[in-house]
Amino acid sequence: MAVDFTQEIKDLRATMDSVRSVTDLERLGKQIADLEAQASAPDLWDDPDKAQVITSALSRANAERERVVSMDSRIEDLETLVEMATEESDQDTMDEAERELVKIKKDLGELEVRTLLSGEYDEREAVVTIRAGAGGVDAADFAEMLMRMYLRWAERHGYPTKVMDTSYAEEAGLKSATFEVNAPYAFGHLAVEGGTHRLVRISPFDNQGRRQTSFAAVEVIPLIESDDSIEIPENELKIDVFRSSGPGGQSVNTTDSAVRMTHLPTGIVVSMQNEKSQIQNRAAALRVLQSRLLLLRKAEEAAVKKEMAGDVKASWGDQMRSYVLNPYQMVKDLRTEYETGNPSAVFDGDIDGFIEAGIRWQIGQKKAAAAV
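One structure accompanies this document, and this report is about it. Source: prediction; values computed, not measured.

**With respect to the pattern of salt bridges**
Move 1: Per the stated rule, a full pass over the model turns up 27 salt bridges.
Move 2: With a closest N to O distance of 3.5 Å, glutamate 8 and lysine 105 form a salt bridge. Placement of the pair is glutamate 8 in helix H1 (residues 5–23) and lysine 105 in helix H4 (residues 91–116), with a sequence separation of 97 residues.
Move 3: On the basis of relative accessible area, lysine 105 is assigned to the partly exposed category, the value being 43%.
Move 4: For lysine 332, the salt bridge is made with glutamate 337, and the minimal N-O distance between the two is 3.1 Å.
Move 5: On the basis of relative accessible area, lysine 332 is assigned to the partly exposed category, the value being 25%.
Move 6: The exposure class assigned to glutamate 337 is partly exposed, which follows from its relative accessible area of 47%.
Move 7: When salt bridges with common partners are traced through the structure, they connect Arg148, Arg152, Glu155, Arg156 and Asp348 into a single cluster.

**Considerations on a negative patch on the surface**
Move 1: A surface patch of negative charge is lined by Asp43, Asp46, Asp47 and Asp49.
Move 2: Mapped onto the secondary structure, aspartate 43 falls in the loop between helix H2 (25–39) and helix H3 (48–88).
Move 3: In this structure aspartate 43 comes out as partly exposed when scored by relative accessible area, which is 47%.

**Some thoughts on the packing of H2 against H3**
Move 1: Taken N-terminus to C-terminus, the directions of H2 and H3 make an angle of 150°; their axes are 9 Å apart at the nearest point. When the interaxial angle is binned, H2 and H3 end up roughly antiparallel. Of the two elements, H2 crosses H3, and the hand of that crossing is left-handed. Residues Leu25, Leu28, Gly29, Gln31, Ile32, Leu35, Glu36, Gln38 and Ala39 of H2 pack against Ile54, Ala57, Leu58, Ala61, Asn62, Glu64, Arg65 and Val68 of H3.
Move 2: A breakdown of the residues in the contact of H2 with H3 according to their chemical character gives 10 nonpolar, 4 polar and 3 charged.

**Here we look at the side chain of aspartate 122**
Move 1: Relative to the assigned elements, aspartate 122 resides in the loop between H4 and strand S1 (126–132).
Move 2: In this structure, aspartate 122 is in contact with Leu117, Tyr185, Ala186, Phe187 and Gly188, ignoring residues within four places of it in sequence.

**Side note on H1**
An α-helix turns once per 3.6 residues; consequently, residues spaced three or four apart project the same way.
Move 1: Between its first and last C-alpha, H1 extends 26 Å over 19 residues, near the 27 Å set by a 1.5 Å rise per residue.
Move 2: Every buried residue belonging to H1 is among Phe5, Ile9, Leu12, Met16, Val19 and Thr23, and all of these are buried. The buried residues of H1 all sit within an arc of 75° when viewed along its axis, so they share a single face. The exposed set on the far side of H1, more than 90 degrees from its buried face, consists of Thr6, Lys10 and Ser21.

Thresholds applied
- Residues numbered from 1 in each chain as written.
- Predicted model: local features only at pLDDT ≥ 70, side-chain atom pairs only at ≥ 80, totals over all residues.
- Heavy atoms only, no water.
- Salt bridge = Lys/Arg side-chain N within 4 Å of Asp/Glu carboxyl O.
- Helix = DSSP H or I, 4+ residues; strand = E, 2+ residues; numbered from the N terminus.
- Buried < 20%, exposed > 50% of the residue type's maximum accessible area, 1.4 Å probe, protein only.
- Patch = residues over 30% accessible without salt bridge, like charges linked within 9 Å, V, L, I, M, F, W, Y side chains within 5 Å.
- Areas by Shrake-Rupley, 256 points an atom, 1.4 Å probe, with all protein chains shown as cover.
- Lys, Arg positive; Asp, Glu negative; His and termini not counted.
- Charge placed at Lys NZ, Arg CZ, Asp CG, Glu CD.
- Axes fitted to C-alpha atoms, helices over the stretch in contact; angles between N-to-C directions.
- Parallel < 35°, antiparallel > 145°, perpendicular 65-115°, else oblique.
- Left-handed = near helix turned anticlockwise from the far one by under 90°.
- Contact = heavy atoms within 4.5 Å.
- Nonpolar A, V, L, I, M, F, W, Y, C, P; charged D, E, K, R; others polar.
- Expected span 1.5 Å × (residues − 1).
- Arc of directions from axis to C-beta.

Following this line, the structure appears as C-alpha cells:
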C-alpha cells in the first residue's frame, strides 16, 4: 500500500508544533544566552563544582534546542525528497523517502515523550537498584538478567553507566546491585521501570525441568545534586566497613574498602564496594543515601497532599511487568498493556517501547489525579 506522504508529513508537523510549544525555543534561547555569559566569566573555574553545574546545564540546553531544530530540518528534507521522487518518477528515491519517514517517526516519538518529562527530577541522572525477590536462585538469576537489560539499554543510547555495588548470590545471580546511569533525563525515562518484575520460565536450576515463577524489585531514584540541601547529621549514621567480594566470595582486594551506611532514623541501608578506596565508597554511599532521603521526603509531602485531596486510585500495583518464557513467549506491562513476543530482544535492552508507553501512562495518571 502506497504511503500517503502528504498526510504523514502533515501529522509530523502537527506533532512538532506540540513539541515546540512545550519546549518554548524563545525561553530556551534566553536560558542559553544567560548560561553562555556565566560560562565565559574569567573566574568560572575558581569554583569547580559551580563551573561543572553551569557547563553541564549549557550543554543540556544546547542539545535540547538542537534536537528540535534538527527534527524540523529533517521533516523539510523529507518533503523535498518526496517532491523530487514524484517529479522524476524515481522509485529508488521514493523508497529512500519511506525509510527516512520510518526513522523520523521513531525519533520524533522519542522527542515527543521527552517533552512530557517535566517532573521536578526528570532531568536528573538515575540510580537504579535491583533486588532479588521470591524465587530462590531463579530470582537471583532474574535480578542479574534485569541488570544486564538496563545496562544494555543504556549502552544502546550511548549513556555512561557506573556499577556502584553488587552483592552476589551463593549459587548464581545477584542478591542486589546498584548502578548509576549518567545521562540527562535518565531518571525521567527509567522512573517508570520501578516496581516488581515477574519471570515465568522453565528453571535452568531445576533438574526436573519444572516451570518456576520468580520476582525481582527495581528501584529508581534521581541522583543527588550539590544544591539539594539534604544534610545528614553524623549521629544519624552508622557506618560499617568490610572487605569487597566478587562471585563465590572470592576476594577482590585485600583491604576493608567496602562501606555499609545505615541511616538510623529511617533504617535505610546503602552498601558500596566497587570504588577503589574506602573514602570513595563512603562518598558514593552518602550520595545514594541522600538521593533516597530526598525521594522519601518528596513522597511524604505527596502523601500529605494526597490525604488532603482524598483517595486517588493511581497505584502501580504489586507487579508492573511479566516476562513469560514458557509456555509461550511474551513480555507484557500490566499497567499499560504494552507487550511484545520477543523476550530475547527485551533482555538485550530493547525496552524503549515499554518506557515510552510507561511515561504516557504515567502522564495520564497524573492528569486523572489532578482532575479529581
